[in-house]
Amino acid sequence: MKLLVSPAPHIKAPVSTQGIMAVVIAALMPCVIAATWIFGLNVLLLCAISVASCVVFELLSELIAKRRLTVSDLSAVVTGLILALNLPPTASWWMVVVGSAVAILLVKQLFGGIGCNFLNPALTARAILLVSWPARMNNFVLDGVSQATPLASSGAVSSASVVPATTLDLFIGNIPGSMGEVCKIAILLGLVLLLVTRVVSWHVPLSFIASFMLFAWIFGYDPLRAVLSGGVLFGAVFMATDYVTNPMTRKGQLVFGVGCGLLVAVIRRFGTYPEGVTYAILIMNIFTPLIDRFMRPRVYGEVKNHA
Amino acid sequence: MPRTFRGGVHPLHSSHEGKPLSSGSAIRELIPSSVVIPVGMHLGAPSTPCVQKGDRVLLGQTIATPNGFLGVPVHASVSGTVIAVEPRQQLKGHPEDCIVIENDGLDEAVPFTPAGTVESVSPADIINAVRQAGICGMGGAAFPSAVKLAVPEGKKAEIVIINGAECEPYLTCDHRVMLEQPLRIVSGLRLLLKAANVQKGVIAIESNKPDCVVSIKAASMNYPEITVLTLPTKYPQGGEKQLIEVVTGKQVPQKKLPIDVGALVFNVQTAAAVSDAVLLGKPLYSRITTVTGAVAQPSNFLVRVGTQFGDAIEAAGGYKGEPKKIISGGPMTGFACPSDEVSITKAGGGILVYDEAMSREDVELACIRCGKCVNACPIGLMPYQIKFDAEKELWDAAQKHNAMDCIACGICSYSCPAKRHLTQAIKLAKDQIAAKQKR
């Protein structure tokens, strides 16, 4: 009789990295569908290019570095989808490829692959594209007409000719903007799936959104319109919740979410950019190791050492 | 809402923790043709054999004498002839001294002398009977019960908790004892209360065993000092520290013992053994053990200590399919056995057989920092962090991250989606830290 001797525990929960990523992909589907509905089939093409190039870059870099191939964990697919949904529907295919290279090669693989990156790959890629090709990244089109986003047009420089979007338009996504961020119904559907499957807990999205609405209100915005404009919801649901770059403990996640919300409000109110979600989350990503250091759970029977 | 502890998980939720396999099987006695009794079944130094090859021994006769403060005597679990006193491979890394007895089937016993009745016996006599009977914790840790009962000077026990949680999936032996033999447990608790001079006893049972709650309540209703508590089904509800917190609301301070918060915890079968030792004068030579998993008839047996796993599995109808893994204990904390020629010890609550499909091992992947281990850890550790420390052999860092507080419940490895061997890494860190402290 040949027996397997292995350490306890001898049962494992029915969860896997791949399964978690599959749920995230499923949760992103409403956003993909809504964006296709609003902006046309070009959305699907951009998503496909983004996913394909992320997967190829991951495969190539792991082959070159002779690392274990991790494409099957689906994390590169998630990065590809989130990156595409962070771009305007007018983005060129080569911008998507450059973004994928930044996300996978620079941010993820150079730092050691899945779990080792300290910044969100898709968001960093978006930030780099934003500073490299600002005009292209802000070329928003709705119904064939180039427009400023509601956020940009609500600023001081808005032209009087633009009709402000109604709150309903903001909610259903009948507005210009990045592909994934416009339709709030789709994002909320995704959030429900993430919460029900317990892939994501409520701590980050809720603290992010609540803190943003609070500070937006303090800074004199209409909190509801503010939260429905721009990428706050998409960021709070799909990007701030990235396991790798947010804190490990519930307490830490609350701090992280509140920080994100505050920073978005501050950037929108005082910054030169109309939108601040990307930078807010990236800045909080950088604080994550610090938060993890101080927001430890209390150990059972912990004795405070006053010596 | 009942009090609860931090973290925890609910393994095999959809299949009722795997317990229905054997929970309906009434206790049957299993008498093997020979027994292999290790002399080191308890925590503490192994006992010294006091019989030789060729000796005839009687049931209940002392065959190994205790050594040191944590010593526990060992008794013959059958009558018959000693055919070997030699090292045999058990569950530890090296062979252990064992006394092998061929059963003559007569069950000729040494005279058993009861110490008295619950009312008449003195606390000192109870503790003495427990010591003579060789009783150690039967829930798994095998800590000598007489040592636990001898409360040190300056400390006061306030509550005795009988652990009937049986939170390990698959195991049902404690379930059957509570259901079929509640009086043994209740009189055991009354004796323990008397021995420790305590007025408050609690029998704690997980909510997945409502039949046990009924039987224990019925058996204890005449004793106002005894309370029966139903606890939510959540692993590790039966962990000593978790149980104390849930029952008393107090946490055992780091590096302290349960007695420091006035609590003494005993497994249900330990309590039953105390009852047998005092009221019947019977030493601990048998226990109830579950044989389950990939066997033809999952069962609960009254087994003699030293029964070979193979004999117990045969009594349960034999293997169902090709066995791939045999676990001593439950699936969360049990030990995988090198063969089926290992012995059921005083603390051996279960034999769990896995076939090929159940033994599937997943490849360990990179940590994705999902935080599941942190949220599930009942102690409040950050297991992923200690695993990183262990991989880099940073034992000081592991110590700073409270590795020594780990209770090895297995929850971190269980909940990890990347299938990382977290519990194993923390165990390694604990061993390394302990070795360094000894130096």
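Residues numbered from 1 in each chain as written. Chains lettered and ligands numbered in written order. Predicted model: local features only at pLDDT ≥ 70, side-chain atom pairs only at ≥ 80, totals over all residues. Heavy atoms only, no water.

## Description of the domain arrangement of chain B
All names here are of chain B. This is how the line gets drawn: For each domain, the first and last residues come from an automatic or database assignment. Throughout, a contact is declared for two residues whenever any of their heavy atoms are within 4.5 Å. Here the quantity called buried area is the accessible surface, traced with a 1.4 Å probe, that two parts lose on coming together, added over both. By convention in these notes, a salt bridge is any Lys or Arg side-chain nitrogen within 4 Å of a carboxyl oxygen on Asp or Glu. In protein, a polar contact requires one atom able to donate a hydrogen and another able to accept it; more generally it is a pair of N or O atoms within 3.5 Å, and residues adjacent in sequence count only if both atoms are side-chain atoms. Residues were grouped as follows: Ala, Val, Leu, Ile, Met, Phe, Trp, Tyr, Cys and Pro as nonpolar; Asp, Glu, Lys and Arg as charged; and all remaining residues, including Gly, as polar.
For chain B, the assigned domains are domain 1 (33-111), domain 2 (137-280), domain 3 (285-358) and domain 4 (372-438). Computed over C-alpha atoms, the centres of domain 2 and domain 4 are 28 Å apart. The interface of domain 2 with domain 4 comprises five residues on the first partner and seven residues on the second. When the area that domain 2 buries against domain 4 is broken down by residue, the three leading residues are Tyr235, Gln242 and Gln254, summing to 65%. Counting every contact that joins domain 2 to domain 4 gives zero salt bridges. Across the contact surface, domain 2 and domain 4 share two residue pairs in polar contact (both at pLDDT 80 or more). Across the side of domain 2 that touches domain 4, the residue classes break down as two nonpolar, two polar and one charged.

## Overview of the sheet that holds strand S13 (residues 286-293) of chain B
Residues and elements named next belong to chain B. Rules: Strand pairing follows a simple DSSP-based rule, namely that at least 2 bridges must link the two strands. Counting from the N terminus, the helices are the DSSP runs of H or I reaching at least four residues and the strands are the DSSP runs of E reaching at least two. Lines fitted to the C-alpha atoms define the axes, with helices restricted to the stretch that makes contact. Angles between their N-to-C directions range from 0 to 180 degrees.
Read from one edge of the open sheet, six strands run S1-S14-S13-S17-S15-S16, paired in mixed fashion. If you trace the sheet from one side to the other, it starts and ends with strand S1 (28-30) and strand S16 (335-336), each paired once. Sheet topology places strand S15 (residues 323-328) next to strand S17 (residues 350-355); five bridges connect them, and they run antiparallel. Within S17, the residue paired with Pro323 across the bridge is Asp355. Across the sheet, helix H4 (residues 173-180) is in contact with S13 and strand S14 (299-304); its angle to S13 comes to roughly 125°.

## Remarks on the interface of chain B and chain A
Counting residues at the interface gives 64 residues for chain B and 38 residues for chain A. Around 4300 Å² of area is buried between chain B and chain A when both sides are counted, 59% of it from carbon and sulfur atoms. For the pair chain B and chain A, the number of links is one salt bridge. Between A:Asp292 and B:Arg369 there is a salt bridge whose closest N-O contact spans 2.9 Å. Among the secondary structure elements, those contributing two or more residues to the side of chain B that touches chain A are helix H7 (240-248), S15, S16, helix H10 (372-376), helix H11 (383-391), helix H13 (411-415) and helix H14 (422-438) of chain B. In terms of residue count, S15(B) provides more of the side of chain B that touches chain A than any other element does, five residues in total. For the side of chain B that touches chain A, the class distribution of residues is 32 nonpolar, 19 polar and 13 charged.

## Observations regarding the confidence of the model for chain A
Applied cut-off: One confidence number per residue, pLDDT, is output by the predictor and ranges from 0 to 100.
Mean pLDDT over chain A: 91, with 94% of residues reaching 70 or higher. Low pLDDT, under 50, characterises residues 155-161 of chain A; the stretch is placed with three contacts to residues that sit more than four places away or in other chains.

## Observations concerning the side chain of A:Thr36
Residues and elements named next belong to chain A. Within the secondary structure layout, Thr36 lies in helix H1 (residues 17-39). Here the side chain of Thr36 touches Val32 through a polar contact of 2.6 Å, landing on its backbone oxygen. Apart from the residues within four sequence positions on either side, Thr36 is in contact with Leu41, Val43 and Leu44.

## Details of empty space enclosed by the protein
All names here are of chain A. Applied cut-off: Cavities and pockets are defined on a 1 Å grid built over the protein atoms alone: a cavity is a set of grid points where a 1.4 Å probe fits but cannot escape, while a pocket is an open set with protein on both sides within 12 Å along at least five of seven lines, and lining residues are those with an atom within 4 Å of any such point. Grid points are joined across faces, edges and corners, and a volume is the space filled by probe spheres set on the points.
For the structure on display, the rule yields seven cavities of 30 Å³ or more. Lining the largest cavity we find 23 residues, and of these Met21, Val78, Ile82, Asp242 and Tyr243 sit closest to its centre. Secondary structure elements with two or more residues in the lining of the largest cavity: H1, helix H3 (75-85), helix H5 (121-132) and helix H12 (232-239). The dominant element in the lining of the largest cavity, judged by the number of residues it contributes, is H3, at four residues. In terms of residue class, the lining of the largest cavity is built from 16 nonpolar, five polar and two charged.

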